[in-house]
Every structure is written in structure tokens, then in C-alpha cells.
Amino acid sequence: RAYSKAAKDTIDFSDVYMMVPGIVYSVASDYSRFAALQSLIESHGGTVEDTAFEENVTLTFSIPAACSEGFLEDLTEAFASVLSAEKIGEKYTKQK
């Protein structure tokens, strides 16, 4: 009984994700746009995988492939074409 209750509690309290095809991008930005860029990525179901703080901030992140086109359009609109995403690969990514 104790084992089955512990197993049930683990499942009940865990996050469940579906793995979906995704696209990995990299975007370099100045520090003033960092928070807005990070928020935009997250609003499209993206996951930031790496952040490099140098002269500029470079974010490497994955976006579900189904959300990719909308993300690129919103990136262009939100940052007046100043920022652009470079596709650097494909992989499966989490989607809640």
C-alpha cells in the first residue's frame, strides 16, 4: 500500500510534458532587450537552453515547430526587425 500511494503521489505532483518536434534558434541582443526577448520566447512555448552574457546577450532556445512561424513574425514585429533568429538545429522539445 505504501508503495502504491508513493507512486500515485509522485505522478499527481509531477509536471507532464509532451515531446514535440522543435527548432533550435540563436538570437544575439543588447542587454536592454534581454527581458522582452526572453518573455517572447516563453510566450511561444519556447525553452531557453543557454544564455551567454558577453558584449551582447546571446540566447539559444528551442521553440515547438508548430509555433515557430508565429514566433518569427512576432520577433520581427516586436523588435522592429532589429533582432533576427538564426536556426541552428532541430530537436524534440517539451510542450505542456
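1. Details of the nonpolar core
Next, step 1: Counting 15 residues, the largest nonpolar core has Leu37, Ile41, Leu59, Phe61, Phe71 and Leu75 as its most contacted members.
Next, step 2: Elements supplying a minimum of two residues to this core: strand S1 (18-29), helix H2 (34-43), strand S3 (57-64) and helix H3 (65-78).
Next, step 3: In this structure Leu37 touches Val27, Ser29, Leu59, Leu75, Phe79 and Leu83, once residues within four positions along its chain are discounted.

2. Side note on the environment of Ala36
Next, step 1: Its location among the elements puts Ala36 in helix H2.
Next, step 2: Classification of Ala36 as partly exposed rests on a relative accessible area of 42%.

3. A short note on the pairing of S3
Next, step 1: With 7 of 8 residues buried, S3 lies mostly within the body of the structure.
Next, step 2: The pairing of S1 with S3 spans 8 bridges and is classified as antiparallel. Bridge pairing in S3 links Ser26 to Thr60.
Next, step 3: Relative to S3, strand S2 (residues 47-53) runs antiparallel, the two sharing 6 bridges. The residue bridging Phe53 from the neighbouring strand is Val57, located in S3.

4. Some thoughts on the side chain of His44
Next, step 1: By the element assignment, His44 lies in the loop between H2 and S2.
Next, step 2: Excluding its chain neighbours within four sequence positions, the residues that come into contact with His44 are Ile63, Pro64, Cys67, Gly70, Phe71 and Asp74.

5. Describing the pattern of salt bridges
Next, step 1: Within this structure, the stated rule accounts for 3 salt bridges.
Next, step 2: A salt bridge links Glu90 to Lys87, with the shortest nitrogen-to-oxygen separation between them at 2.9 Å.
Next, step 3: For Glu90, a relative accessible area of 60% puts it in the exposed group.

Rules and cut-offs
- Every residue gets a number counted from 1 within its own chain, in the order that chain's sequence is written.
- A pLDDT threshold of at least 70 governs which residues receive local features in this predicted model, and a stricter bar of 80 or more applies before side-chain atom pairs are shown or counted, although totals over entire chains, interfaces and linings include all residues.
- With hydrogens and water excluded, all non-hydrogen atoms of the structure serve as input to the side-chain values.
- For our purposes a nonpolar core is just a set of buried Ala, Val, Leu, Ile, Met, Phe, Trp, Tyr and Cys residues, chained together by side-chain atoms within 4.5 Å.
- Exposure categories follow from relative accessible area, calculated using a 1.4 Å probe and restricted to protein chains: below 20% of the type maximum is buried, above 50% is exposed, and the middle band is partly exposed.
- Helix numbering and strand numbering both begin at the N terminus, where a helix is a DSSP run of H or I of at least 4 residues and a strand a DSSP run of E of at least 2.
- Whether two residues are in contact is decided by their heavy atoms, any of which lying within 4.5 Å being enough.
- DSSP bridges decide pairing: two strands pair if at least two such bridges lie between them.
- Every case where a carboxyl oxygen of Asp or Glu lies within 4 Å of a side-chain nitrogen of Lys or Arg is listed as a salt bridge.

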